[in-house]
Structure formats: structure tokens, C-alpha cells
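Here is how the chains run, residue by residue.
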Amino acid sequence: MVSFIKDEVIPNLHTGNWNDEIKERLDSFRRESVRQPVVYVGITTSSIVAGAINTREAIEQYLDDNAVDADLVCVGSHGLCSHEPIVEVQIPGKTRVAFGNVTPDRVSTLLDAAINGFVQPEQAMFQYYSDILEPWVGIPFMQDLPFFKNQKRILLKNAGVISPDSIVDYIALGGFRALATTLRKYTFDDVCRMVEESGLRGRGGGAYPTGTKWRNALQVATTERYLICNADESDPGGFMDRLLVESDPFRVVEGIVLSAYAIGANRAIVYIRNRYNLTVERIKNAIDQAYEVGLLGFDILGSGYSLDIEIRQGPGAYVCGEETALIKSIEGKRGMPSIKPPFPTEWGFNGKPTVINNVETLANIPDIILNGAEWYSSIGSQTSKGTKIFSVNGNAAQTCLVEVDFGKPLSTLLDLAGGVKEGREFKALHLGGPSGMSITKDELGYPIDFDELREKGITLGSGSVQVLDNTVCMVDLVKYFMHFIRNESCGKCIPCREGSNRMYQILDNISKRPVSNEGHTTLERFKGVIQLETLAEVMRDTSLCGLGQTASRPLLKALKSFRDEFEEHIFDRKCRASVCRDLRTFYIDVDKCTGCTACAKKCPTNAIFGTPRTPYFIVEERCIGCGICQETCKFSAVYFK
């Protein structure tokens, strides 16, 4: 296979002009039509959590037991995480059909039906469209489902479709053609100009123009430059880059080579978290295969350009999302930010000009080169071009990974996730993780656009989105984010180190019942909230890096949009979502209580009184809201408000 790619395919990769025999062989890897059954199973981090490995083993067992001559292909994820594991079947003459939530016990029934050509429409999720194959009756086409129909999938077009372990699959679908074209036709300056004209901006959260960053590094007179691919996705709940690498790693590798070429770098580094085992495995395999066929290493495609890519695994620190801290981590030092300027494009890794882009930014480059800057700039809004990938989770009806073009309203993300779970009420959409903001229902009409949102005081972040419903307490949520920031602060600058700790203490205090009702406790709690606003402004203005400067964002926005919840915690000592344990008030339902005495025996403050075999009651003044009584009661007689 390697010799076929190296000797037959790559020489004409830039034109795609191959003879019929080569084309036919490449067609077989596209699997538009097959000669024997093919079973596809999505294997990514999210599907493994859902049990995909067990499902794959059950499929292997079924094929062995029934002596079925079929191919089993591991693919990535379509982004429908709540429906994992997803299994697809393609038989000769028929279109590829997909099934969701395939547990091992369903494998035998589904494969029996699909391989023999009898699929019940209610069992399948969707089928692929084809001009040359017979469709399944009663099963919707993929592009007709709202989930796919309302997206613009450019970066995710191969996700869930091709094998992430095979460079041949990627090349058969046009992969590495952008690289072959660039090395033959374009100079470093040409590629920088195309990316500048495309309007591509960094997807890591800063939204800095990518072409400008490249140009700054290219203009520095030096003998050595570096490109760093930041794959160390650190937002809690964010999984955009991970799923992109695990589903289409060769696109990322091609983007890295093109970007390194544009800045004249001969060495690139992929920085990735060491515990992302499958992600590391997939990108490593992709790099190894690219070396094997001559798309990496010395004198790539005979162009005279050479590039080596290595992987550096980081320990997992949120602060290493900041460029200078990331560089220090790669250099083997403690990940701490430095004062800028000089910027990394002037003085970066080993003191040389260094460009750092995240995975999603780099994945855009092959399509910009192939289709042109004008094509790319025609997608999106006036100032934000192209598409953006979002991971949507939290209390959404379905957890998913979606790609939408800029300019669409924020409500699109909620719609694609199916809204909130049944019986719940939508409260907010939280964008950007610990440094992000919660968007209220009235703000869902705002467009997905870096600049328009910034004008309204909202940041888009890197793409992690949490759907919040009425069971979420905003005080508790902000307290969680502040706890995260406090633990992740590198401690170098005082405003961030001490400020985040003090903010957490104040939030923790108002989410608890006061120890004493005497004195001016309520007034002191209120003063704490007033202090929060002042403290947040000081942190924003005086912290050294983005971590401290943006740490107060979720708090300030929550105070503005959900001030009544904060006031309830302070003055009424009440948590409307019943999340803050220390503010809960417990009661006993006299109709359900049997007087068994179990709760009274377990109560740590002796707050429960009564006579055996008659209903008991709780003395509110003594209750500390620990909930042990509710956990103990076998008759569901204890409840809280």
C-alpha cells in the first residue's frame, strides 16, 4: 500500500490526473459502492465512554460466529455524542445506513437485518445519499435531518465517514492535494497572503488574525522558526479539538505542514495533554504514516522543503493555554506566563520566532488553499469568516459537536442540541468555559460573531458551550468556575493568586447558611458581594495574563443577568434550584412518615423530634441541611425546599 501511494498516487497528487486503474483503486477506498458488506463503528473518546469497544468486540464475534465475509472499519464521530455508539452498515447495491446507541446485545439483531437487506425504519437513524445506489425505504437521508441540515460542515465533513487510521482514506477523498499544490506553486509569502485575504482568525478564543500572526513571524530575520499546534484543550466540557483530531487527524497534519511552510519553519511541535490517550495515538499514527509516504521529513515531494513534526505531551494545566506559558512547558520549565512584548512571533521557543495556532485554526488551511481566499471569505459574517466548531453539553437534550457558519444566531446552538431536557426550563447558555459568560434567553438572538459579541461585552471563547436549565444555581456555577481558576492559577502574580482565592471565599460564604443570626451577618454577606465587583475589576486590570484578566467574567455577567439569585442567597438564605446544600430546608411529610425513628437516630444535630410510630418533625433552627435524614428515610417522607 505504501508503494502504491508513493509511486502511483503522489506524483500526480496536485492535479488528480491518474489513469483508470489508479482511480478505480482509489474509488475502492472511498467506498461509494462496495463488493462485500462493510460494518463501520465510531471509535472516539466519547463513544468509548458509551461502550463502543464492547460493541466492536460484539461485532467481531458476530462476524466470526456467522462466517460473514465483511470488512470492519473504525471511523470517527459524526458529533452525535448522545447517540454513541453509532454503527453503520453498507451492503452491495445499497446505501450506507446508520444505527444509534448500539449496545452489544443489539448487535446480532441489527446485523442480521442489515446484512440480509431488511432494516426496519424505526431502528435506523439515517442513511447516506447516493446517485448510484438503491436507498433504504422509509429511512431519512443524513442531509435531511435537522442536526446535519442546519450545519455547515467543512472541517467535520470527513468526521464519522472515513477511517482516522488510514492515510489512503484521506488521500482518496482529496487529502494532501492542498499541500502538493502549495509546494509546487506557492511561495511562503503567497500562502501568508492567501490566509490574510481569507480573513481566518484564531479559534482558540483570542480571534487574532492568523495571516497577520504568520506574517509577523515570517518577517523576523532568523535562521530558524517554529510552529506549535496547541492541542491541549483545557476548557472543562470542551472537546472540539479532541474529536476533530480523533476523527480526521490527517487534516490536522496537512494543516500543520502548510502553516509551517507559510512561516518558513522546518520544525513543528504538537502540544497535547498526556492523558488524552486516543487523541495522542491518532495524531501520532497520522504523523508516522505521513513520514512513511514522503509527506513529512526531508525534501517533501521533491520541493526542497523539509519539515519534522514531534509530539510533546503536557501535564495538563489550564494556564498553558496562554502562549508564553505553553512555550515554557515545552522547554521543560514550569508553565508560567511572561510579560509581552516581546511576542512569541519575535521571541518564542528557544528564543526563535514561533507561531502558535490551535487545532481548529490549522484544520481550516487545506480548504483555504484548495478553494481560494475568496471562497473562504464568502462564508460567515462581515468580520468573522468561515465556520466554528462548538461542543454543546450540560443540560442539553443531546450532547453534540456541531459546526456552524459565523453570523448565525446563538440560538442555533441550542436548537442543534435539541433544547433542554424534557420537563426542564431553559435558563442560560454558557459560552467559553471558566472564563466565559452565561447568555440569557433574551440574548440568544445575538449573532455568532467575534466583534459583534465583543461590542456587547460577550466573548465567544474557544467553542465550549453548556446549556443551563432551571436546576442550575448560578451562584454555585460561578463558585465552581472560581474554584477551578483558583486551583489553576500559576501563582506568579498577586491579583490572580489572591484575588481568585478571595472571590471563591466570598461566593462560598453566601452559598452557606450563616453560623449565627446575631450581629450584622447579612450586611457582611452583602458587603462581600459589593467587594466581588471591585475585586473583579482589579483582577481584570492588573493580572499578568489572560487567566487572571478574564477570571472575573462569569461572575460579573452572572451578577448582571442573575442578580436576583445572588440576593436570594444573601437576604432570603434560599437557593431556588436547591443546589446549595447548606441553604436547603428539610421537612417531613406527616402522611408518609411512619415514625420509624431512623432519621432521628442519624441526625447529627438532634434536630428531629417525635414519638415512635407517629409522624416526626424537624426543628428548622437546628437543621444544618446535611440531607442525611432524606438519605436515611425508606418511605420518601423527607423533602426539602
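Residues numbered from 1 in each chain as written. Predicted model: local features only at pLDDT ≥ 70, side-chain atom pairs only at ≥ 80, totals over all residues. Heavy atoms only, no water.

*Asks:* Describe the sheet that holds strand β8 (residues 308-314), with residues and values.
*Replies:* If you trace the 4 strands from one edge of the open sheet to the other, you get β8-β7-β6-β9, paired in parallel fashion. With one partner strand each, in any of the chains shown, β8 and β9 (354-358) form the two edges of the open sheet. Within this sheet the neighbouring strands show an average axis-to-axis angle of 20°, counted without direction. As paired elements, strand β6 (residues 226-230) and β9 share 5 bridges and run parallel to each other. Looking across to β9, one finds that cysteine 229 is bridged to asparagine 357. Packing against the sheet, helix α13 (residues 277-292) makes contact with β7 (267-273) and β8, and its axis sits at approximately 165° to β8. (Pairing = 2+ DSSP bridges. Helix = DSSP H or I, 4+ residues; strand = E, 2+ residues; numbered from the N terminus. Axes fitted to C-alpha atoms, helices over the stretch in contact; angles between N-to-C directions. Contact = heavy atoms within 4.5 Å.)

*Asks:* Please give an account of the nonpolar core that cites residues and values.
*Replies:* Grouped together as the largest cluster of nonpolar side chains are 79 residues, with contacts concentrated most on Phe176, Val253, Leu295 and Ile309. With 10 residues, the top contributor of residues to this core is helix α12 (residues 249-263). Every residue in contact with isoleucine 309, bar those within four places of it in the chain, is listed here: Val253, Ile256, Val257, Ala268, Val270, Ile287, Tyr291 and Leu296. Formed by 36 residues, the second largest nonpolar core is a distinct cluster that contains Leu80, Met142, Met437 and Val465. (Core = buried A, V, L, I, M, F, W, Y, C linked by side-chain atoms within 4.5 Å. Buried < 20%, exposed > 50% of the residue type's maximum accessible area, 1.4 Å probe, protein only.)

*Asks:* Which residues make up the sheet that holds strand β10 (residues 387-394), and what are the values?
*Replies:* Here 5 strands make up an open sheet; going across it, the order is β11-β10-β14-β12-β13 and the pairing mixed. Every other strand in the sheet has two partners, leaving β11 (400-405) and β13 (437-439) as the edge strands with one partner each. In this sheet, neighbouring strand axes are inclined to one another by 30° on average, regardless of whether the strands run parallel or antiparallel. Strand contacts of helix α20 (residues 474-488): β12 (426-431), β13 and β14 (464-469), with the helix running at about 15° to β12, the strand carrying the most contacts.

*Asks:* Account for the environment of isoleucine 256, with residues named and values stated.
*Replies:* Relative to the assigned elements, isoleucine 256 resides in helix α12. Classification of isoleucine 256 by relative accessible area gives buried; the value is 1%. Spatially, the C-alpha atoms of isoleucine 256 and serine 166 are 18 Å apart, while their sequence positions differ by 90 residues. Beyond its immediate sequence surroundings of up to four residues, isoleucine 256 is in contact with Leu227, Cys229, Ala268, Val270, Ile309 and Leu362.

*Asks:* Please provide a residue-by-residue account of the pattern of salt bridges, values included.
*Replies:* Tallied over the entire structure, the rule returns 34 salt bridges. Between arginine 201 and aspartate 451 there is a salt bridge, with its nearest N and O atoms 3.1 Å apart. Residue arginine 201 is located in the loop between α9 (188-198) and α10 (210-218), and its partner aspartate 451 is located in helix α19 (residues 450-455); the two are separated by 250 residues in the primary sequence. Residue classification places aspartate 451 among the partly exposed residues on the basis of a relative accessible area of 23%. For the salt bridge of lysine 427 with glutamate 565, the shortest nitrogen-to-oxygen distance reads 2.8 Å. With lysine 427 in strand β12 and glutamate 565 in helix α25 (residues 563-572), the pair connects residues that are 138 residues apart, well separated along the chain. (Salt bridge = Lys/Arg side-chain N within 4 Å of Asp/Glu carboxyl O.)

*Asks:* Residue-level account of the packing of aromatic side chains, with values.
*Replies:* A complete count under the given rule lists 16 aromatic pairs for this structure. Note on phenylalanine 126 and phenylalanine 148: the rings are 5.5 Å apart at their centroids and 70° apart in plane angle, and the pair reads as edge-to-face. Remark: phenylalanine 148 occurs in helix α6 (residues 146-149) and phenylalanine 126 occurs in strand β5 (residues 126-127); sequence separation between them is 22 residues. Across the pair, exposure class does not vary: phenylalanine 126 and phenylalanine 148 are buried alike. Members of the aromatic cluster, each reached through a chain of ring pairs, are Phe126, Tyr128, Phe147 and Phe148. Note that arginine 25 overlies the ring of phenylalanine 4, its terminal NZ or CZ placed 4.1 Å from the centroid. Over the aromatic face of tyrosine 504 sits the side chain of arginine 486, whose NZ or CZ is 4.3 Å from the ring centroid. (Phe/Tyr/Trp six-rings, centres within 6.5 Å; stacked < 30°, edge-to-face > 60°. Lys NZ or Arg CZ within 6 Å of the ring centre and 35° of its normal.)

*Asks:* I'd like a description of α10, backed by residues and values.
*Replies:* Counted residue by residue, α10 has 7 buried out of 9 residues, so it is predominantly covered. Listed as buried for α10 are Thr210, Gly211, Lys213, Trp214, Arg215, Ala217 and Leu218.

*Asks:* Outline unusual backbone geometry, listing residues and values.
*Replies:* Backbone geometry follows two general trends: most residues other than glycine have a negative phi, and most peptide bonds adopt the trans configuration. Residue proline 341 is bonded to the preceding lysine 340 through a cis peptide linkage, with omega at 0°. Within the secondary structure, proline 341 is located in the loop between α14 (323-330) and β9. A cis geometry characterises the amide bond from proline 341 onward to proline 342, with omega recorded as 10°. Along the chain, the position of proline 342 falls in the loop between α14 and β9. A positive phi angle is found at arginine 573, which is not glycine, with a value near 55°. The topology assignment puts arginine 573 in the loop between α25 and β15 (586-588). With phi around 55°, serine 636 is a residue other than glycine that occupies positive phi space. Within the secondary structure, serine 636 is located in the loop between α27 (628-632) and β18 (638-640).

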